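Each chain, written out:
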Amino acid sequence: GGPLSNPTFLVTYVATPDGVYSPKYGRLVRYNGGTPTVSGRTFITDITGAWNTSEKAALVWYGAKFIVSSPVIINGVLQPTVNHFDMQGNVSARVSIGNGTTVENPRGLACSTNGICLSVGFSEGTPFGITNSVVYARRFDANTLSPLGIIFYLDDHTAWMEDPDVVFNTKTGKEQFF
């Protein structure tokens, strides 16, 4: 991320100081003249109870800031959430992009050039009366982080799904699912 004159990387990680509370932090890494500088840690969100599912939650650079996805338990249900993380280390309020009733665990994240992002990940098969995990997708606005439309599902739900991911292909102007 960052402009060409100031390439910046965002590293996110979870710390569990007492084995229970699980804050997610970010640090900006810059290379000025070839020498790395690392910012102080910045709190992003509390993923207590979901830290073991957070190892593949994604982040992307969009315009002037990063978008960070995290699994967060909200009202007893694991939900995908997103935050902005800017070049000064400021973090926006968390926005849930889940449906609030079905477990959704974020894995992939991509944004198009027109400001529409897509989060994909695992969901339980409850909407389909099955016990297999299924793959959900949810569009949201890159600038406001507001969900767009409904959660939809990407497969026929007859087999166990593994490691969903998504990228935006600038050549075709479309998302591609993996």
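Quick caveat, the model's predicted, so the values are computed rather than measured.

Caption draft 1: Spatial organisation of the confidence of the model for the chain. When the pLDDT values of the chain are averaged, the result is 84; 84% of them are 70 or greater. When pLDDT is averaged over each helix and strand of the chain, the minimum, 57, is found for strand E14 (residues 174-177) and the maximum, 96, for strand E8 (residues 95-96).

Caption draft 2: Looking closely at the sheet that holds strand E12 (residues 147-153). If you walk across this open sheet you meet the four strands as E9-E10-E11-E12, and the pairing is antiparallel. Each having just a single partner strand, strand E9 (104-111) and E12 make up the two edges of the open sheet. Going from strand to strand, the sheet's axes swing by 20° on average, the running direction of each strand aside. The pairing of strand E11 (residues 134-141) with E12 spans four bridges and is classified as antiparallel. Following the sheet pairing, Phe-140 is matched in E12 by Pro-147.

Caption draft 3: Spatial organisation of the sheet that holds strand E7 (residues 77-86). Spatially, four strands are ordered E5-E6-E7-E8 in an open sheet, and the strand pairing comes out antiparallel. Looking at the sheet topology across the chains shown, the edges are occupied by strand E5 (59-62) and E8. Relative to E7, strand E6 (residues 65-74) runs antiparallel, the two sharing ten bridges. Across the sheet, Pro-71 pairs through a bridge with Pro-80, a residue of E7.

Caption draft 4: Fine view of the packing of aromatic side chains. Enumeration over the complete set of coordinates arrives at four aromatic pairs. Between Phe-9 and Tyr-31, the ring centres sit 6.1 Å apart and the planes meet at 85°, which makes this aromatic pair edge-to-face. One end of the pair, Phe-9, is in strand E1 (residues 8-14); the other, Tyr-31, is in strand E2 (residues 23-32), with 22 residues separating them in the sequence. On the basis of an interplanar angle of 70° and a centroid distance of 4.9 Å, the ring pair of Trp-61 and Phe-66 is categorised as edge-to-face. For Trp-61, a relative accessible area of 29% translates into the label partly exposed. Phe-66 gets classed as buried once you look at its relative accessible area, which sits at 3%. Connected via pairs of aromatic rings, a cluster forms that spans Tyr-13, Tyr-25 and Phe-43. The side chain of Arg-41 reaches across the aromatic face of Tyr-25, ending 4.0 Å from its centre.

Reading the values: the criteria
Each chain has its residues counted from 1, running along the sequence as written. Only residues with pLDDT of at least 70 are given local features in this predicted model, and only at 80 or more are side-chain atom pairs given and counted; all residues enter the totals for whole chains, interfaces and linings. Calculation of side-chain values draws on the structure's entire complement of heavy atoms; hydrogens and water are dropped beforehand. For every residue, the predictor states its confidence as a pLDDT score lying anywhere from 0 to 100. Only DSSP runs of H or I covering at least 4 residues are called helices, and only runs of E covering at least 2 are called strands; the numbering of each starts at the N terminus. Pairing between strands is defined by DSSP: at least two bridges between the two strands are required. In this analysis an axis means a line fitted to C-alpha atoms, helices contributing only their contacting stretch, and an angle means the value between N-to-C directions, from 0 to 180 degrees. Working definition: rings of Phe, Tyr and Trp (its six-membered ring) pair if their centres are within 6.5 Å, and the pair is stacked with planes under 30 degrees apart, edge-to-face with planes over 60 apart, and tilted otherwise. Only protein chains enter the calculation, and the probe is 1.4 Å; a residue is then buried if its accessible area is under 20% of its type maximum, exposed if over 50%, and partly exposed in between. A ring is scored as having a charge over it whenever the NZ atom of a lysine or the CZ atom of an arginine sits within 6 Å of its centre and within 35 degrees of its normal.

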